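# Tertiary structure, described
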Amino acid sequence: MTPAKNPLVAFGAGKVILLGEHSVVYGYPAIAGPLTIGVVARGMPSRSCVLDVPVTADAAQKRMMRKAFARAAKLVGEPKVKVTLEPQLPLSAGLGSSAALAVATSRVLLQAAGQAPTAKATARLAWEMEQEFHGTPSGVDHTTSAEEKLILYRRVQGPAGVTGRARELKSPRPVSVVVALAGARSPTKLTVGALRERQARWPERYKRLFGQVGRLVTDAAKAVEAGDLEGLGDAMNVNQGLLNALGLSSPALEDMVFRLRSLGALGAKFTGAGGDGGAVIGLFSEPEPVVARLTRDGVRCFASQLAGPRAQGDIP
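Numbers given to residues run from 1 along each chain, matching the order in which its sequence is written. Totals for whole chains, interfaces and linings use all residues, but because this is a predicted model, local features are given only for residues with pLDDT of at least 70 and pairs of side-chain atoms are given and counted only at 80 or more. The side-chain values count all of the structure's non-hydrogen atoms but skip hydrogen atoms and water molecules.

- The protein has the name mevalonate kinase in an unreviewed UniProt entry, where Corallococcus exercitus is given as its organism.
- UniProt positions are given in the numbering used here, feature names are shortened, and annotations may be inferred rather than shown by experiment. Word for word, the UniProt comment on the protein under Subcellular location (unreviewed entry) is "Cytoplasm".

## Remarks on the UniProt feature "domain: GHMP kinase C-terminal" (unreviewed entry) in the protein
- Within this structure's numbering, the places UniProt gives as "domain: GHMP kinase C-terminal" (unreviewed entry) are residues 220-290.
- Runs of H or I in DSSP of at least four residues are treated as helices and runs of E of at least two as strands, each being numbered from the N terminus. Helix and strand shares over residues 220-290 are 55% and 15% respectively, and the end C-alpha atoms of the span are 23 Å apart.

## Let's talk about the pairing of strand E7 (residues 175-182)
- With 8 of 8 residues buried, E7 lies mostly within the body of the structure.
- Exposure classes here rest on a 1.4 Å probe applied to the protein chains alone. A residue is buried below 20% of its type maximum, exposed above 50%, and partly exposed in between. The alternating pattern of E7 places Val175, Val177, Val179 and Leu181 on one face and Ser176, Val178, Ala180 and Ala182 on the opposite face, and all of these are buried.
- Only strands joined by at least two bridges in the DSSP assignment are considered to pair. Alignment of E7 against strand E10 (residues 301-307), held across 6 bridges, turns out to be antiparallel. Each bridged residue has a counterpart across the sheet, and for valine 178 the counterpart in E10 is alanine 303.
- Examined bridge by bridge, E7 and strand E9 (residues 278-283) share 6 bridges and lie antiparallel to one another. Bridging across to E9, leucine 181 finds its partner in alanine 279.

## Some remarks on the pattern of salt bridges
- One speaks of a salt bridge when a side-chain nitrogen belonging to Lys or Arg is within 4 Å of a carboxyl oxygen belonging to Asp or Glu. Using the criterion set out here, one finds 12 salt bridges in the structure.
- Between lysine 149 and glutamate 168 there is a salt bridge whose closest N-O contact spans 3.8 Å. On the criterion of sequence distance, the pair formed by lysine 149 in the loop between helix H4 (140-147) and strand E5 (151-158) and glutamate 168 in strand E6 (residues 161-168) is long-range, its members being 19 residues apart.
- The closest approach of N and O atoms between arginine 259 and aspartate 297, which form a salt bridge, is 3.1 Å. In this pair, arginine 259 is assigned in helix H8 (residues 251-262) and aspartate 297 in the loop between helix H9 (288-296) and E10, connecting sequence segments 38 residues apart.
- The class for aspartate 297 is partly exposed, based on a relative accessible area of 42%.
- Each of Lys67, Arg71, Glu128 and Glu132 takes part in a single network of salt bridges with overlapping partners.

## Regarding the pairing of strand E4 (residues 81-87)
- Looking at chain direction, strand E2 (residues 30-45) and E4 are connected through 7 bridges and run antiparallel. Paired with alanine 41 across the strands is leucine 85, a residue of E4.
- Every crossover in which the path from the first strand over the helix to the second runs clockwise, viewed with the strands pointing away from the viewer, is termed right-handed. The parallel pair strand E3 (residues 50-52) and E4 is bridged by helix H1 (residues 59-75), and the resulting crossover is left-handed.

## Examining the domain arrangement of the protein
- As annotated, the domain borders come from an automatic or database domain assignment. Each assigned domain of the protein is listed with its residue range as follows: domain 1 (8-168) and domain 2 (175-307).
- The interface is formed by 31 residues belonging to domain 1 together with 43 residues belonging to domain 2.
- Across the domain 1/domain 2 interface, buried area totals approximately 2,900 Å², and carbon plus sulfur atoms make up 67% of it.
- Where domain 1 touches domain 2, the interface holds 2 salt bridges.
- A salt bridge links glutamate 21 to lysine 269; the nearest nitrogen and oxygen atoms lie 2.8 Å apart.
- Here a polar contact means two N or O atoms within 3.5 Å. Within protein one must be a hydrogen donor candidate and the other an acceptor candidate, and residues neighboring in sequence count only if both atoms are side-chain atoms. The tally of links from domain 1 across to domain 2 stands at 9 residue pairs in polar contact (both at pLDDT 80 or more). We call two residues in contact whenever any of their non-hydrogen atoms come within 4.5 Å of each other. By buried area we mean the combined loss of accessible area, with a 1.4 Å probe, across both parts when two parts are placed together.

Shown next, in the form of structure tokens:
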């Protein structure tokens, strides 16, 4: 086994789900894209395989990170490397912070073990960490982060267990979003668990709603590939209405959704688990003026391009 070399540096992108969160857990498709910010992991030679958890994490988060790290490290032979993390994403905001951490960490562990950190190998190892973080994740978060592409994703239950199928969505026009934070988010497990209980109590009703979301995702994928941003935005707006109907939105999220629409968003919705708060995304052809306006108003926000041609000199 090859010892860790100095330095080992890897990046894991955050993510947004354009359409299809929650229903993706039940086998319906979703569209997700990578953010330009995420988590940076650095590996240094060490006497043992160890994770230096961020001081900003609380006690429960630190325990979970160490447990997830140990699970992944064991699978690659516990190379002698100390991994430190530099999070760029807000935690628990619906932006895939745990998946970004898992992908960045997995890439460092693979390199330290003398293995190539390919997208496939990285995703396989990050999946193990995500199961510690979320129990039964859909797989869309870590797949998007590992692939670093806008993808159409579907979770598939097969004889060998749960797998994910992803197809890149290419757009002839830039697909850019403004990401705005709207208050503190409820724990994902609580939000997902409450929805699961409602779905189990009224299965036919929720099956119809999930099916509607799935059809929206299919329409939106076609819109992306056609460069139809207006069609994509309208699908996002309808998806937000269905998320509200599923009992997943809140006054804070709805206020931010309508605020982004009032600033010219072609479509706006929350992204991720939802609940009391979290991240809201707006689709804009020119996001920078919107970020400047919201920042002046005290809103934590940033812009990110998810797909399409980039200006010369932009980092893909």
